[in-house]
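Structural description and commentary
Residue-level listing of the chains:
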Amino acid sequence: MTVPLTAVPLADHAAVYAALDRAGFTDVWSSEVAGTDAFTPLTLAAVWQPRLRLGTAVVPAFTRGPGLLAMSAAALAEIAPDRFTLGVGSSSPVVVQDWNAVPFTEPYRRTRDVLRFLRAALAGETVDGDFDTFTVRRFALERPPAVPPRLVLAALRPGMLRLAGAEADGVILNWLAADDVPRALAELGAPGPGFEVTARIFVCPTEDAAHARKLGRRLITSYLTVPAYAAFHRWLGREDVLGPMWKAWADGDRRAALAAVPDDLVDALVLHGSPEQLRPQVQRYVDAGVEVPVLAVLPTPELAPGGPAALADLIARLGPAAVAPSASGATAVSASTFGSGSLPGPGEES
């Protein structure tokens, strides 16, 4: 579950975390765009539900100085030893430059340098030297965590995917269909032991296909017109499928852009149906190599009027505890619920 939930005050999230734990969810993941910061909701979860794993998806590599990012991560790792994963990514020019007044330059190299700095600093080392994109002089954490957090990278295309495979403890995938997963994983190379593949999967838990597809088209035209995501889907081979949408968008014709997105693409990128119908669709990602499917639950006609009771019922029906574990063991599942204005900003994970 990505936290905090839209329209639920942070102080009221204890009940949400308890419901997730009861339903068998394993993780809560935060984001950082223009709502809360990434660390405060996870700190509350660490205290209220000490069994849940915690993760950031993602913290931008630009918007904190390297030392401050290490301090924030170390503090949460101290509260929740061996339960915290720090996910970092390049983010986007809007988040970094337009909103935080930091130049968005050399995103690949900056993200790589931040990863290398964090690896050393969170291990308790003194970091002193020149990186390609910044210089650090004699930085050492006063409270290095006894168990350093796992460091994972948000990645789309080959360069960042290869960096994740070579230097990170895992990768976060986003905005891809189950059939796209093998191509992305092929770029990782030979990751080390314990490497974990996480993917955000958009799900709209409703049998109202028209609602789900309308919402899916809106999200696709908002996200996949961003240069980083457009390049990602060109690399995945969708030039012919998305070309008409990209042209209409560039021409300023938003209505035509929406109409140009075919149903089968919406259905592949934004899963929909009842919670029971969603299970086999999500399982396809797991079968393709995703170890932590992060369900991004989109608004539905049923959720809004039902209020907290409807959300609690949805959590219970989606949760791993709703079905018996398979003979091979239960698959780790985490879910994220987004309101209409809380999606991570376009352009993350270049």
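Residues numbered from 1 in each chain as written. Predicted model: local features only at pLDDT ≥ 70, side-chain atom pairs only at ≥ 80, totals over all residues. Heavy atoms only, no water.

Brief notes about the overall build of the chain
The test is simple: Each helix is a run of H or I in the DSSP string that is no shorter than four residues. Each strand is a run of E no shorter than two, and both are numbered from the N terminus. Atoms counted for the radius of gyration: C-alpha only. Globule rule: 2.2 Å times residue count to the power 0.38. The contact criterion used throughout is that any non-hydrogen atoms of two residues lie within 4.5 Å. Each accessible area is a Shrake-Rupley result for a 1.4 Å probe, and residues are judged covered by the shown protein chains and nothing else. By the counting rule applied here, Lys and Arg register as positive and Asp and Glu as negative, while His and the ends of each chain are not counted. A charge is said to be at NZ when it belongs to Lys, at CZ for Arg, at CG for Asp and at CD for Glu.
Within the chain one finds 14 helices and 13 strands. At 20 Å, the chain has a C-alpha radius of gyration in line with the 20 Å of a compact globule built from 350 residues. Counting only C-alpha atoms and orienting by the principal axes, one finds that the chain spans roughly 60 × 45 × 40 Å. Sequence-distant contacts, at least 24 apart, represent 74% of the contacts inside the chain between residues at least 6 apart. Of the accessible surface of the chain, which amounts to about 14500 Å², a share of 55% is contributed by carbon and sulfur atoms. Averaging the coordinates of the 30 positive side-chain charges in the chain and doing the same for the 37 negative ones gives two points 2 Å apart.

Digging into the pairing of strand β3 (residues 53-56)
A regular strand carries its side chains on alternate faces of the sheet. Our working definition: When DSSP finds at least two bridges between two strands, those strands are taken to pair. With the strands pointing away from the viewer, any crossover whose connection runs clockwise from the first strand over the helix to the second is right-handed.
With 4 bridges joining them, strand β2 (residues 27-30) and β3 adopt parallel strand pairing. Across the sheet, the residue bridging to Asp27 is Arg53, located in β3. Each parallel crossover has a hand, and for β2 linked through helix α2 (residues 40-48) to β3 it is right-handed. Pairing between β3 and strand β5 (residues 84-89): 2 bridges, direction parallel. Its bridge partner lying in β5, Leu54 is registered against Phe84.

Concerning the packing of helix α1 (residues 13-23) against α2
Geometry of a packed helix pair, given as the angle between the helix axes and the separation of the axes. Selection criterion: Note on geometry: axes are lines fitted to C-alpha atoms, helical ones only across the stretch in contact, with angles between N-to-C directions running from 0 to 180 degrees. By the definition used in this description, the sense in which the near helix is turned from the far one sets the handedness, with an anticlockwise turn below a right angle giving left-handed and a clockwise turn giving right-handed. Each residue receives one of three labels: charged for Asp, Glu, Lys and Arg, nonpolar for Ala, Val, Leu, Ile, Met, Phe, Trp, Tyr, Cys and Pro, and polar for the others, Gly being one of them.
Closest axis-to-axis distance for the α1/α2 pair is 10 Å, and the angle between their directions is 60 degrees. Crossing handedness for the pair α1 and α2: right-handed. Packed against α1, whose contacting residues are His13, Ala14 and Tyr17, the element α2 presents Pro41, Leu44, Ala45 and Trp48 at the interface. Across the contact of α1 with α2, the residue classes break down as 6 nonpolar, 1 polar and no charged.

Digging into unusual backbone geometry
Condition: Only protein chains enter the area calculation, which uses a 1.4 Å probe; residues under 20% of their type maximum are buried, those over 50% are exposed, and those in between are partly exposed.
Geometrically, the link from Ala57 to Val58 is a cis peptide bond, its omega value of 5 degrees lying close to zero. Along the chain, the position of Val58 falls in the loop between β3 and β4 (59-60). A positive phi angle is found at Arg138, which is not glycine, with a value near 50 degrees. Along the chain, Arg138 falls in strand β7 (residues 135-139). In this structure, Trp175 takes a positive phi of about 55 degrees despite not being glycine. Locating Trp175 in the fold gives a position in the loop between β9 (170-173) and α7 (181-186). A relative accessible area of 1% places Trp175 in the buried class.

Digging into the packing of helix α3 (residues 66-79) against helix α5 (residues 107-122)
We apply this condition: Roughly parallel here means an angle under 35 degrees, roughly antiparallel means over 145, roughly perpendicular means 65 to 115, and every remaining angle is called oblique.
With their axes 10 Å apart at the nearest point, α3 and α5 run at an angle of 50 degrees to one another. The angle between α3 and α5 falls in the class oblique. Between α3 and α5 the crossing geometry is right-handed. For the pair formed by α3 and α5, the contact residues are Pro66, Gly67, Leu69, Ala70, Ala73 and Ala74 on the first element and Arg110, Val114, Phe117, Leu118, Ala121 and Leu122 on the second.

Let's talk about the UniProt feature "domain: Luciferase-like" (unreviewed entry) in the chain
We count it as follows: UniProt positions are given in the numbering used here, feature names are shortened, and annotations may be inferred rather than shown by experiment.
With numbering matched to this structure, UniProt assigns "domain: Luciferase-like" (unreviewed entry) to residues 8-290. Across residues 8-290, helical content stands at 48% and strand content at 16%; the span's end C-alpha atoms are separated by 30 Å.

Focus on the packing of aromatic side chains
Two numbers describe a pair of aromatic rings. These are the distance of the centres and the angle of the planes. Note the cut-off: Stacked, tilted and edge-to-face are the three classes assigned to paired rings of Phe, Tyr and Trp, where Trp is represented by its six-membered ring and a pair needs centres within 6.5 Å; plane angles under 30 degrees give stacked, over 60 edge-to-face, the rest tilted.
Inspection of every chain in the model, using the stated rule, returns 11 aromatic pairs. Relative to Phe131, the ring of Phe117 has its centre 6.4 Å away and its plane inclined at 75 degrees; by these criteria the two rings are edge-to-face. Of this pair, Phe117 sits in helix α5 while Phe131 sits in the loop between β6 (127-130) and β7, and the two are 14 residues apart along the sequence. According to the relative accessible area criterion, Phe117 is buried, its value standing at 0%. Taking the relative accessible area as the measure of exposure, Phe131 reaches 22% and is therefore partly exposed. Look at Tyr223 and Tyr229: their rings are 5.9 Å apart centre to centre, the planes differ by 65 degrees, and that puts the pair in the edge-to-face class. Note on accessibility: Tyr223 and Tyr229 belong to one class, buried. Through pairs of rings, three or more aromatic residues link up here, namely Phe117, Phe131, Phe134 and Phe139.

Some points on the pattern of salt bridges
What counts here: Salt bridges are defined as contacts in which a side-chain nitrogen from Lys or Arg sits within 4 Å of a carboxyl oxygen from Asp or Glu.
For the coordinates displayed, the defined rule picks out 24 salt bridges. The partner of Asp21 in a salt bridge is Arg51, and the shortest N-O contact between them spans 2.8 Å. In this pair, Asp21 is assigned in helix α1 and Arg51 in the loop between α2 and β3, connecting sequence segments 30 residues apart. A relative accessible area of 63% means that Arg51 is categorised as exposed. A salt bridge links Arg109 to Asp132, with the nearest nitrogen and oxygen atoms 3.3 Å apart. Taken together, the residues span a long stretch of sequence, with Arg109 in helix α5 and Asp132 in the loop between β6 and β7 at a distance of 23 residues. For Asp132, a relative accessible area of 48% puts it in the partly exposed group.

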